Amino acid sequence: VSLLVGARKRVPYRLYAPTVIDANSRLDDTTPIRVYKLGDHNAVRLTYTNGVGDFWGVQMTDWADAPVLGDPNDSTVIKRRTYRLYYSGPHLHMVVLEVDGATYWVTNTVLDKLSNETMLEIAKGLRPLSR
């Protein structure tokens, strides 16, 4: 949360903090947070590692129609939130939440090592950072 507090003044949308992460993961030591431009849009990324070379992340942006967000495989509503689901075969690769003009998503590792259930739990655990 402290990393996000430092970044919140650099973006025009509300940041969301994960309250659930994979039990074997921690923020990456090298680049735990990155605030940058994604085209003409602002983006924030939290990067997590399991310590053995696998990385996953939480991405936030105000670019609602970013190419990566096109063509979800499915969507689901959980506790009044709609999540778009993107699969790579049977593995949930990305879970996307759109709130108040910003888009938040959880991206699995390159080889989709986080379970589908873990991916959904992380996404469901995203909470707005207090202003």
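Refer to the structure printed above.
This write-up is about the structure you can find in this document. (Residues numbered from 1 in each chain as written. Predicted model: local features only at pLDDT ≥ 70, side-chain atom pairs only at ≥ 80, totals over all residues. Heavy atoms only, no water.)

1. Section: the nonpolar core
Counting 29 residues, the largest nonpolar core has L4, L15 and M60 as its most contacted members. Of all the secondary-structure elements, those providing two or more residues to this core are α1 (2-7), β1 (16-18), β4 (41-49), β5 (55-61), β7 (81-88), β8 (91-99), β9 (102-107) and α2 (116-124). Broken down by element, this core gets its largest block of residues, four residues, from β8. L15 has contacts with L4, A7, R8, V44, M60, Y104, R127, P128 and L129, leaving out every residue within four places of it along the chain. If you look at the next biggest cluster of nonpolar residues, it comprises six residues, including A66, Y86, V96 and W105. (Core = buried A, V, L, I, M, F, W, Y, C linked by side-chain atoms within 4.5 Å. Buried < 20%, exposed > 50% of the residue type's maximum accessible area, 1.4 Å probe, protein only. Helix = DSSP H or I, 4+ residues; strand = E, 2+ residues; numbered from the N terminus. Contact = heavy atoms within 4.5 Å.)

2. Side note on the pattern of salt bridges
With the rule as written, the count across this model stands at four salt bridges. Here D54 makes a salt bridge to K113, at a shortest N to O gap of 3.3 Å. Separated by 59 residues along the polypeptide, D54 in the loop between β4 and β5 and K113 in the loop between β9 and α2 bring together distant segments of the chain. Exposure remark for D54: the relative accessible area of 12% places this residue in the buried category. (Salt bridge = Lys/Arg side-chain N within 4 Å of Asp/Glu carboxyl O.)

3. Looking at the pairing of β7
Pairing between strand β6 (residues 74-78) and β7: five bridges, direction antiparallel. Along β7, the bridge assignment pairs D74 with L85. Between β6 and β7, which pair antiparallel in sequence order, lie two residues; one of them, K79, sits at a positive phi of approximately 50°. In this sheet, β8 lies alongside β7 in antiparallel orientation, the contact comprising six bridges. Across the sheet, residue Y86 finds its bridge partner in β8, namely M94. (Pairing = 2+ DSSP bridges.)

4. Comments concerning the side chain of T47
Note that T47 resides in strand β4. Of the residues examined, T47 reaches a relative accessible area of 14% and is grouped as buried. Within the local environment of T47, its side chain forms a polar contact with the side chain of R45, the two groups lying 3.4 Å apart. The contacts of T47, once residues within four sequence positions are left out, are R26, L27, D28, T31, P32, F55 and W56. (Polar contact = N/O pair within 3.5 Å; in protein donor to acceptor, adjacent residues only side chain to side chain.)

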